[in-house]
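Summary of structural features
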Amino acid sequence: MNILIFGPNGSGKGTQGAIVQEKYNTAHIESGAIFRQNIGGGTELGKKAKEYIDRGDLVPDDITIPMILDRLKEDDCKDGWLLDGFPRNKVQAETLAKALSDANIKLDYVIEIVLPRDVAKIRITGRRLCENDNNHPNHIAFDAIKPVEKDGEIVCRVCGGALSARADDQDEDAVDKRHDIYYDENTGTMAAVNFFKALGGDTKVIAIDGGPSIGEVTENIMAAL
Ligand code: AMP
């Protein structure tokens, strides 16, 4: 099963992606997480990507596209993948579609989590990342997924791991820029979504309202797959 998942930052895309990935037991490829690993590891790629990420800009295509296309060629992707965070613009979408078609690889599903921009923005600033798993849902503003307190520290509600906030989630300009890119229907991520909607063929496109609770959104995605 090969799946693309789209959704603005703050839509729960990472959380839902992790659940879908587990159900189908595919590789979970998150472009943002690959960048963050490289930044943490001090690699050349990480050094190049950091300034763009801190500003909320896209990392240039000549870095991002080969990074993802190479990742898709790794062994763990042979039995399927869920791609999260890529493509993020129209050029990436067109390049991915061509690479898949050239390699005779079918794209089974495109999942779009739909959420208005103002709601997505409120959700972003309160989310917290678990050191053990980025996709453990923790949000200081939502009771259902509020982090828990342990020894005076606020820790992950799933595993008790240490929590941190992403720097680019706390910078309003960076959040706005990421949303400018996401909601841009001309060249941005919505242009990539619309490209796949228009592509037709065997790929099934599913649009899911990201407004309800995590559990309900999961149920709606599972029912549609
Ligand atoms: P995310 O974790 O998906 O929010 O990604 C964090 C940041 O990584 C983004 O704001 C971009 O700077 C960068 N990034 C992630 N995916 C891509 C992509 N497909 N193209 C360019 N930059 C990306």
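All figures in this text were calculated on a predicted structure; none of them were measured in a lab. (Residues numbered from 1 in each chain as written. Predicted model: local features only at pLDDT ≥ 70, side-chain atom pairs only at ≥ 80, totals over all residues. Heavy atoms only, no water.)

Looking at the site of the ligand
Selection rule: We call a residue near a molecule or strand whenever a single non-hydrogen atom of that residue lies within 4 Å of it. Only the protein chains shown count as cover for residues, and the accessible areas themselves come from Shrake-Rupley with a 1.4 Å probe. Note on conventions: DSSP H or I runs of at least 4 residues are helices, E runs of at least 2 residues are strands, and numbering of each starts at the N terminus. Three classes are used: nonpolar for Ala, Val, Leu, Ile, Met, Phe, Trp, Tyr, Cys and Pro, charged for Asp, Glu, Lys and Arg, and polar for all others, with Gly counted as polar.
As a structural note, the neighbourhood of the ligand is formed by 16 residues, with Asn9, Ser31, Arg36, Asp57 and Gly85 the closest of them. Calculation on the ligand without its partners gives an accessible area of 480 Å², and the protein chains cover 97% of this total. In terms of residues, the shell around the ligand owes the most to one element, helix α2 (residues 31–40), which gives 4 residues. Residues belonging to the shell around the ligand are distributed by class as follows: 5 nonpolar, 6 polar and 5 charged.

Some points on unusual backbone geometry
Backbone torsion omega between phenylalanine 86 and proline 87 reads 0°, so that peptide bond is classified as cis. Position of proline 87 relative to the elements: it lies in the loop between β3 (81–84) and α5 (90–102). Positive phi, normally seen in glycine, also occurs at asparagine 25, with a value near 55°. Summarising the element assignment, asparagine 25 is placed in the loop between α1 (13–24) and β2 (27–30).

Considerations on the layout of surface pockets
So the rule is basically this: Cavities and pockets were defined on a 1 Å grid built from protein atoms only: a cavity is a group of points that admits a 1.4 Å probe but offers it no way out, a pocket is an open group of points flanked by protein on both sides within 12 Å along at least five of seven lines, and a lining residue is one with an atom within 4 Å of any such point. Grid points are joined across faces, edges and corners, and a volume is the space filled by probe spheres set on the points.
Roughly 250 Å³ of volume is contained in the second largest pocket. Lining the second largest pocket are 13 residues, with Leu72, Lys73, Trp81, Ala103 and Ile105 sitting closest to its centre. Here the residues of the lining of the second largest pocket sort into 8 nonpolar, 2 polar and 3 charged.

Observations regarding the pattern of salt bridges
Opposite charge on two side chains allows them to pair when their charged atoms are near. To keep it simple, the criterion reads: In the sections that follow, a salt bridge refers to a side-chain nitrogen of Lys or Arg positioned within 4 Å of a carboxyl oxygen of Asp or Glu. Residue burial is assigned from relative accessible area. The probe radius is 1.4 Å, only protein chains are included, and a residue is buried under 20% of its type maximum, exposed over 50%, and partly exposed in between.
This structure, assessed with the given rule, holds 22 salt bridges. In this structure, arginine 71 and glutamate 74 form a salt bridge, with 3.5 Å as the shortest nitrogen-oxygen distance. Classification of glutamate 74 by relative accessible area gives partly exposed; the value is 40%. Through salt bridges with shared partners, a single network forms among Arg127, Arg166, Asp168, Asp169 and Arg178.

Some points on helix α4 (residues 61–72)
Where we set the bar: Multiplying 1.5 Å by the residue count of a helix minus one yields the expected span of that helix. We call two residues in contact whenever any of their non-hydrogen atoms come within 4.5 Å of each other.
Over its 12 residues, α4 extends 16 Å from the first C-alpha to the last, a length consistent with the 16 Å expected when each residue adds 1.5 Å. Every buried residue of α4 is listed here: Ile63, Thr64, Ile65, Met67, Ile68, Leu69, Arg71 and Leu72. Buried residues along α4 sit in contact with β2, α2, α3 (44–55), β3 and α5.

Thoughts on the nonpolar core
To keep it simple, the criterion reads: Joining through side-chain atoms within 4.5 Å is the link that ties buried Ala, Val, Leu, Ile, Met, Phe, Trp, Tyr and Cys residues into a set, and such a set is a nonpolar core.
Judged by nonpolar contacts, the single largest core of 31 residues is most densely connected at Leu4, Leu72, Trp81, Leu83, Leu96 and Phe196. Looking at this core, the elements that each hand over two or more residues are β1 (2–6), β2, α2, α3, α4, β3, α5 and α9 (189–199). Setting aside residues no more than four positions away along its own chain, phenylalanine 196 makes contact with Leu4, Phe6, Pro87, Ala93, Leu96, Ala97, Leu107, Val110 and Val205.

Some thoughts on the packing of aromatic side chains
Operational definition: Note on aromatic contacts: the rings of Phe and Tyr and the six-membered ring of Trp form a pair at centre separations within 6.5 Å, being stacked when their planes are under 30 degrees apart, edge-to-face when over 60 apart, and tilted otherwise.
All told, the structure shown has 3 aromatic pairs when counted by the stated rule. Aromatic side chains phenylalanine 6 and phenylalanine 196 sit 6.4 Å apart centroid to centroid with 40° between the ring planes, which places their arrangement in the tilted category. With a gap of 190 residues between them, phenylalanine 6 in strand β1 and phenylalanine 196 in helix α9 connect regions that are remote in the sequence. A residue is classified by how much of its surface remains accessible, and phenylalanine 6, at 3% relative accessible area, is buried. Note on phenylalanine 195 and phenylalanine 196: the rings are 5.2 Å apart at their centroids and 85° apart in plane angle, and the pair reads as edge-to-face. We classify phenylalanine 196 as buried; its relative accessible area is 3%. Here a set of aromatic residues connected by ring pairs shows up, and it is made of Phe6, Phe195 and Phe196.

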